[in-house]
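Overview (structure and organization)
Okay, here's what each chain looks like letter by letter:
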Protein chains: 2
Amino acid sequence: MMVSAKTSETCRPSLKLRFVNLDTGRENVAVISRRSQALRPDVFRGFSRVQIQCGDKTLLATLLITDDETLVGTDELGLAAPAFRRISEPENARATVSPAPPPKSLDFVRSKIQGDVLNPAEIKTIVDDLINHRYSELEIAAFLVATARLMTSEEMLSLTSSMAVAGTQLRWQQPMIVDKHCIGGIPGNRTSMIVVPIVAAHGLTMPKTSSRAITSPAGTADTMEVLAKVDINPDRMKQVVETCGGCLVWGGHVNLSPADDILISVERVLGLDTIEQMVASIMSKKIAAGVTHLLVDIPIGSSSKVRTPAEALRLRKLFELVGDHFGIAVEVVTTEGRQPIGCGVGPFLEAKDVMAVLENRPDAPQDLREKSLNLAAHLLEYDPALRGGTGYARALELLESGAALQKLQSIIAAQGEPPHPVNLGQLRRDIVASKDGIINGIDCLRINRIARIAGAPIDKGAGIQIFRKIGDRVAKGDPLYRIFASEASGYDLAVRASCEQDGISIDHSPSVDVRTS
Amino acid sequence: MMVSAKTSETCRPSLKLRFVNLDTGRENVAVISRRSQALRPDVFRGFSRVQIQCGDKTLLATLLITDDETLVGTDELGLAAPAFRRISEPENARATVSPAPPPKSLDFVRSKIQGDVLNPAEIKTIVDDLINHRYSELEIAAFLVATARLMTSEEMLSLTSSMAVAGTQLRWQQPMIVDKHCIGGIPGNRTSMIVVPIVAAHGLTMPKTSSRAITSPAGTADTMEVLAKVDINPDRMKQVVETCGGCLVWGGHVNLSPADDILISVERVLGLDTIEQMVASIMSKKIAAGVTHLLVDIPIGSSSKVRTPAEALRLRKLFELVGDHFGIAVEVVTTEGRQPIGCGVGPFLEAKDVMAVLENRPDAPQDLREKSLNLAAHLLEYDPALRGGTGYARALELLESGAALQKLQSIIAAQGEPPHPVNLGQLRRDIVASKDGIINGIDCLRINRIARIAGAPIDKGAGIQIFRKIGDRVAKGDPLYRIFASEASGYDLAVRASCEQDGISIDHSPSVDVRTS
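Residues numbered from 1 in each chain as written. Chains lettered and ligands numbered in written order. Predicted model: local features only at pLDDT ≥ 70, side-chain atom pairs only at ≥ 80, totals over all residues. Heavy atoms only, no water.

In the nomenclature of an unreviewed UniProt entry, chain A corresponds to Putative thymidine phosphorylase from the organism Afipia felis. Checking UniProt for chain A, the heading Catalytic activity (unreviewed entry) contains the comment "thymidine + phosphate = 2-deoxy-alpha-D-ribose 1-phosphate + thymine". The record held by UniProt for chain A lists under Sequence similarities (unreviewed entry) the comment "Belongs to the thymidine/pyrimidine-nucleoside phosphorylase family. Type 2 subfamily." (UniProt positions renumbered as here; feature names shortened; annotations may be inferred.)

Now the structure itself:
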């Protein structure tokens, strides 16, 4: 038997909390003086994990040691910004520090590494330890890698269900809650901001939560934030949906799947993208959001997340399996994923595309318009009152009549003003075709990368406006796209990146070949 | 194509290096001001990995962000202690910071996660990236977990060989270099300090490198440091071996397998102990050390690393496989692992046991003496000049004649004085039997734990002296062992831990049962 944590703490010296001005991202970091009585060198070393007890609050943190007593004195316990915020106690509150016990559920991770199948209770314990920040990043990585190679359907269902109940759970009066989800990767592609108002204008309920960009130049939440406030808590979100039948808010504040947010942050570093984990991640959030009918959009293309119809089929089966298990009607559609959808890439430019479609302007991007109408048509067909096959006509009617535009305006009014006005970047450069020919490919990853270097999504006015798409004929010197930025440093780097590789491939057309030969 | 790192750096503002008084253990940590021009929020966030360029030196580090410009100014780049030491440039030297590209070999780790078998070149790239500190801890964890489930023999050989050439490689004049290695876990058990002088006194060459304790109360290096300096570089080590035919130094300074040191630090956190990784770890160091004949000691016991003869057999086969491949004669012996060897646990007390054996004192622990003689006998039989079967007699002769003692004294003299004199802890408490009976079990993990809480190995005078072993009859109130410590805090905790669970199990003997019933 080990000395229990409780017993050991009683004789640990208590320290005074002190704020240390360090932003450590998602990690909790504590700082202690090397001469502190609480620091026992046999148990504490730099970057070891410690448990901080302050009143009845417990926090796990990574420990740094300092010799600088002006930073943290011998009777103090320094907490870097995120840890100080999470413990939410004033400076000088008394706290004790002890070595962090490894999370109990790490035994299950080790079993999984050895090839065992985990039962629902074991997976639930892991998820509980995750959301209570008991896992260090390397322990999270161990769990992800252990489950990446083989996760049974039962394990995937357990993980989905444990994650779904770990955060906020939205419940609605309406019997039918519809949603759409795109697995992502395509620049532009702001269909949600068109689909939600069409569907809500028809009378269905569509409480859409979206993500902010992580590695892309804009997430739907970033783009919506050009027009309205998106950082809204669950109660306020419910009021908006009550009033408008729909919303477009940032999912982060709603906290639908905190475990998933943690797993994703490590998956990204490792570049892991297992489809079982992706489905568990998406579906846990849909279950928590109370969705009853879900349309999943899988773009297929060589620079998209899913590259072949076979991969898309496998993914569809998993979505259907999880949907059936949790009583969610899931429909999966595959869409064009070879090139950006719409013209704008970056929050401001994408919002401009969305408004052009909703305002029925002649210069509105037709691909974005068509895709949005098709997705809306699928969702509208969930309405039992609508005659089969008439979804598209109904969607078109709601768009052309201005009902959808009016609905988005009322959603904007209900969510409130955006945090600050956004202007399009004043630094602009056209990137032109280096030869005559026909465009036969657009590298979505490259376009995203250049827009991001230009400053998107932090600089909402930065991005790319695309002038030509696949199949278009261009002459040497014709503008292919325009880079927008607000700051010189990002602008210079983006222009340079674009000059090195613009992401557009042009095929010499036969007629050109004939003329020049 | 991506913007090359070189291109991007040219327009990154250069910053002045500044020392930040934070001990971050093994991790490189950099600190930057939130208002720094070099900080582009789209690419840097707290706890992201960055690449620091200073002249022709490159360093990867974890980034923290501060709003406190007295800590790090807007034109400065703060480096915490280990990073500042590793870059070894003065304050105010110019440096640039850019987002760290993920290590290229992470692609191979991802292949391994998907179940592929890695070829030797791929494994070599991973090891190169490891020793150049290009892997974050979570990436190291991903590699370990990916290889924990299945490592083919070829992969294990590749890993061994890549690790063996990644650090210092010792080469010797002598054609035969003998060594012994215990896979560890048993308290006391300081046989190396007896075996090396016996074998060297005979005339064989035994350049022993040992580890310091990581989770145990003493490593051989900690115990030897009670008597002599052990922190010796490879050149000095060679001189000692030239003079004495043997040495007992700390392997850390010799840097035989830096990749292994990195892997072990993460394995420990995860509690992973795959036998393929263990064999690759041990054998890479033996190859790097130029060992030609190796004796491996595998203690078997319920609280030991290896619990059954079947496990020991599997481990033996792996050692033999790797030994044969690299031309090292490997012999594996299994030994008693149910209880501590010798009486002392902790550096001072263990050194006392060793000296008692070498001085042929009547109170010397017989189990330590016998085990050391047997191991030495195996090693001596490697000498072609020695008649088969006479190894034990020769070992006994060298011990009883005082030749072994004299040899250890000359090794001590050659290595030099210990860094500071060590005294046995003045705080002492006897732990006594709670009932009459026969001792039928000693929990090695528990004994190690209590000795460590008492302060070992940092406090070299702390530890446990064991009075009774398995099979001994005790009466209620008889002392079982004595706890030693120098500091009150560790002493109190160790005594309390021991009172909760002393680690000794006592069976009521039949005669006692008869008397009390």
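Tallying secondary structure elements over chain A gives 20 helices and 18 strands in all. A compact globule built from 517 residues would reach a C-alpha radius of gyration of about 24 Å, and chain A, at 26 Å, matches this within 12%. Dimensions of chain A, computed from the C-alpha atoms along their principal axes, are close to 85 × 55 × 45 Å. Within chain A, buried positions represent 59% of all 517 residues. Excluding contacts between residues fewer than 6 apart, the proportion of contacts in chain A whose partners are at least 24 apart in sequence is 80%. Split by element, the accessible area of chain A, about 20,300 Å² in all, is 51% carbon and sulfur. Of the charged side chains in chain A, 58 are positive and 61 negative, and the gap between their average positions amounts to 1 Å. (Helix = DSSP H or I, 4+ residues; strand = E, 2+ residues; numbered from the N terminus. Rg over C-alpha atoms; globule rule 2.2 N^0.38 Å. Buried < 20%, exposed > 50% of the residue type's maximum accessible area, 1.4 Å probe, protein only. Contact = heavy atoms within 4.5 Å. Areas by Shrake-Rupley, 256 points an atom, 1.4 Å probe, with all protein chains shown as cover. Lys, Arg positive; Asp, Glu negative; His and termini not counted. Charge placed at Lys NZ, Arg CZ, Asp CG, Glu CD.)

Next up on the list: the confidence of the model for chain A. Residues and elements named next belong to chain A. The pLDDT averaged across chain A works out to 90; a share of 94% of its residues lies at or above 70. Counted against residues more than four places away or in other chains, residues 1-10, with its pLDDT under 50, gives 20 contacts. pLDDT under 50 marks residues 512-517. Its contacts with residues more than four places away, or in other chains, come to four contacts. Predicted as a complex, the structure gets a pTM of 0.84 and an ipTM equal to 0.81. (pLDDT = per-residue confidence, 0-100.)

Within the largest apolar cluster, 220 residues are counted, with the highest numbers of intra-cluster contacts made by Ile198 and Phe319 of chain A together with Ile198 and Phe319 of chain B. Once residues lying within four places of it in the same chain are set aside, the contact partners of Phe319 of chain B are Ile183, Val279, Ile282, Met283, Val296, Val330 and Val332 of chain B. (Core = buried A, V, L, I, M, F, W, Y, C linked by side-chain atoms within 4.5 Å.)

What follows concerns the domain arrangement of chain A. Segmentation of chain A into domains returns domain 1 (14-99), domain 2 (104-150), domain 3 (178-255 + 270-415) and domain 4 (427-507). The C-alpha centroid of domain 3 of chain A is placed 43 Å from the C-alpha centroid of domain 1 of chain A. (Domains from an automatic or database assignment.)

All names here are of chain A. In the contact formed by helix α4 (residues 120-131) and helix α6 (residues 153-164), the axes pass within 9 Å of each other and the chain directions differ by 40°. When the interaxial angle is binned, α4 and α6 end up oblique. In this structure, α4 meets α6 at a crossing whose hand is right-handed. Counted together, Pro120, Ile123, Lys124 and Val127 of α4 and Glu155, Ser158, Leu159, Ser162 and Met163 of α6 form the full contact between these two elements. Here the residues of the contact of α4 with α6 are counted per class, giving five nonpolar, two polar and two charged. (Axes fitted to C-alpha atoms, helices over the stretch in contact; angles between N-to-C directions. Parallel < 35°, antiparallel > 145°, perpendicular 65-115°, else oblique. Left-handed = near helix turned anticlockwise from the far one by under 90°. Nonpolar A, V, L, I, M, F, W, Y, C, P; charged D, E, K, R; others polar.)

What follows concerns the environment of Asp367 of chain B. All names here are of chain B. Mapped onto the elements, Asp367 comes out in helix α15 (residues 366-380). Counting along the chain gives 27 residues from Asp367 to Pro340, while the straight-line C-alpha distance between them is 9.4 Å. Look past the residues within four positions of Asp367 in its chain and what remains in contact with it is Pro340, Ile341, Gly342 and Lys469. In this structure the side chain of Asp367 is engaged in a polar contact, spanning 2.5 Å, whose partner is the side chain of Lys469. (Polar contact = N/O pair within 3.5 Å; in protein donor to acceptor, adjacent residues only side chain to side chain.)

For the rest of this paragraph, the subject is the packing of aromatic side chains. Applying the stated rule across the entire model yields two aromatic pairs over all chains. Here Phe19 of chain A and Phe84 of chain A contribute two aromatic rings whose centre-to-centre distance is 5.3 Å and whose plane-to-plane angle is 65°, an arrangement assigned as edge-to-face. Of this pair, Phe19 of chain A sits in strand β1 (residues 15-20) while Phe84 of chain A sits in helix α2 (residues 81-87), and the two are 65 residues apart along the sequence. Take Phe19 of chain A: its relative accessible area is 33%, and that puts it in the partly exposed class. In this structure, Arg212 of chain A packs its charged tip against the face of Trp250 of chain A, placed 4.7 Å from the ring centre. Positioned above the aromatic ring of Trp172 of chain B, the side-chain terminus of Lys238 of chain B is 5.4 Å from the ring centre. (Phe/Tyr/Trp six-rings, centres within 6.5 Å; stacked < 30°, edge-to-face > 60°. Lys NZ or Arg CZ within 6 Å of the ring centre and 35° of its normal.)

Looking now at the UniProt feature "domain: Pyrimidine nucleoside phosphorylase C-terminal" (unreviewed entry) in chain A. In the UniProt entry, the feature "domain: Pyrimidine nucleoside phosphorylase C-terminal" (unreviewed entry) is given for residues 438-505 of chain A. Helix makes up 34% of residues 438-505 of chain A and strand 29%, and the two end C-alpha atoms of the span are 8 Å apart.

Let us look at the side chain of Ser33 of chain A. All names here are of chain A. Along the chain, Ser33 falls in strand β2 (residues 29-33). Taking the relative accessible area as the measure of exposure, Ser33 reaches 1% and is therefore buried. A polar side-chain atom of Ser33 sits 3.0 Å from the main-chain amide nitrogen of Arg35. Not counting residues up to four positions away in its chain, the partners in contact with Ser33 are Leu39, Thr66, Glu69, Val72, Gly73 and Thr74.

Here we come to the pairing of strand β5 (residues 76-80) of chain A. All names here are of chain A. Of all five residues making up β5, five are buried, and the element is well covered by its neighbours. Neither face of β5 is open: one carries Glu76, Gly78 and Ala80, the other Leu77 and Leu79, and all of them are buried. Across five bridges, the pairing between β1 and β5 is parallel. Across the sheet, Arg18 pairs through a bridge with Gly78, a residue of β5. Here β2 pairs with β5 via three bridges, running antiparallel. Bridge pairing in β5 places Ala30 opposite Leu79. (Pairing = 2+ DSSP bridges.)

Okay, the pattern of salt bridges next. Across all of its chains, the model carries 58 salt bridges over all chains by this definition. One salt bridge in this structure joins Glu397 of chain A and Arg394 of chain A, with 3.2 Å as the shortest N-O distance. Pair noted here: Glu397 of chain A and Arg394 of chain A are both in helix α16 (residues 391-400), with a separation of three residues, about one helical turn. Given the relative accessible area of 45%, Glu397 of chain A is considered partly exposed. Two residues, Arg361 of chain B and Asp363 of chain B, come together in a salt bridge whose shortest N-O distance is 3.4 Å. Here the residues in one salt-bridge network are Arg212, Asp222, Glu225 and Lys460 of chain A, joined through shared partners. (Salt bridge = Lys/Arg side-chain N within 4 Å of Asp/Glu carboxyl O.)

Below, the discussion takes up the sheet that holds strand β16 (residues 473-474) of chain A. Residues and elements named next belong to chain A. The three strands are arranged β16-β14-β18 in an open sheet whose pairing can be described as antiparallel. Strands at the two margins of the open sheet, each flanked by one partner only, are β16 and β18 (504-507). Pairing analysis gives four bridges linking strand β14 (residues 437-442) to β18, with the strands arranged antiparallel. The partner of Gly441 across the bridge, within β18, is Ser505.

This paragraph deals with the sheet that holds strand β4 (residues 57-66) of chain A. All names here are of chain A. With mixed pairing, six strands are arranged side by side around a closed barrel as β1-β5-β2-β4-β3-β6. Across the sheet, the mean angle separating the axes of adjacent strands is 45° when strand polarity is ignored. As defined by bridge partners, β1 adjoins strand β6 (residues 94-99) across two bridges and the pair is classed as antiparallel. Among the inter-strand pairings, Leu15 is bridged to a residue of β6, identified as Ala95.

What follows deals with the environment of Arg134 of chain A. Residues and elements named next belong to chain A. For Arg134, the position within the fold is in the loop between α4 and α5 (137-149). Residues in contact with Arg134, not counting those within four places in the same chain, are Arg49, Leu60, Pro103, Asp128, Asp129 and Glu139. Among the polar contacts listed, one links the side chain of Arg134 to the side chain of Asp129, at a separation of 2.4 Å.

Residues and elements named next belong to chain A. Along helix α18 (residues 444-453), eight of the 10 residues are buried, which leaves the element largely enclosed by surrounding structure. Among the residues of α18, Cys444, Arg446, Ile447, Asn448, Ile450, Ala451, Arg452 and Ile453 are the ones counted as buried. The inward-facing, buried residues of α18 contact β12 (344-345), β14, β15 (463-466), β17 (479-485) and α19 (488-500). Taken from the residues just after α18, Gly455 is the one with a positive phi, measuring 130°.

A separate point is the side chain of Lys469 of chain B. All names here are of chain B. Within the secondary structure, Lys469 sits in the loop between β15 (463-466) and β16 (473-474). Since its relative accessible area comes to 16%, Lys469 is described here as buried. A polar contact of 3.0 Å, which involves the side chain of Lys469, links it to the backbone oxygen of Pro340. Here Lys469 is in contact with Gln339, Pro340, Ile341, Gly342, Asp367, Ile439 and Ile442, once residues within four sequence places are set aside.

All names here are of chain B. Where burial is concerned, the two faces of β15 agree: the one with Gly463 and Gln465 and the one with Ile464 and Ile466 are both buried. In this sheet, β15 lies alongside strand β12 (residues 344-345) in antiparallel orientation, the contact comprising two bridges. Residue pairing across strands places Val345 opposite Ile464, the latter belonging to β15. Pairing geometry for β15 and strand β17 (residues 479-485), over four bridges, is antiparallel. By the bridge assignment, Ile466 is partnered in β17 with Tyr481.

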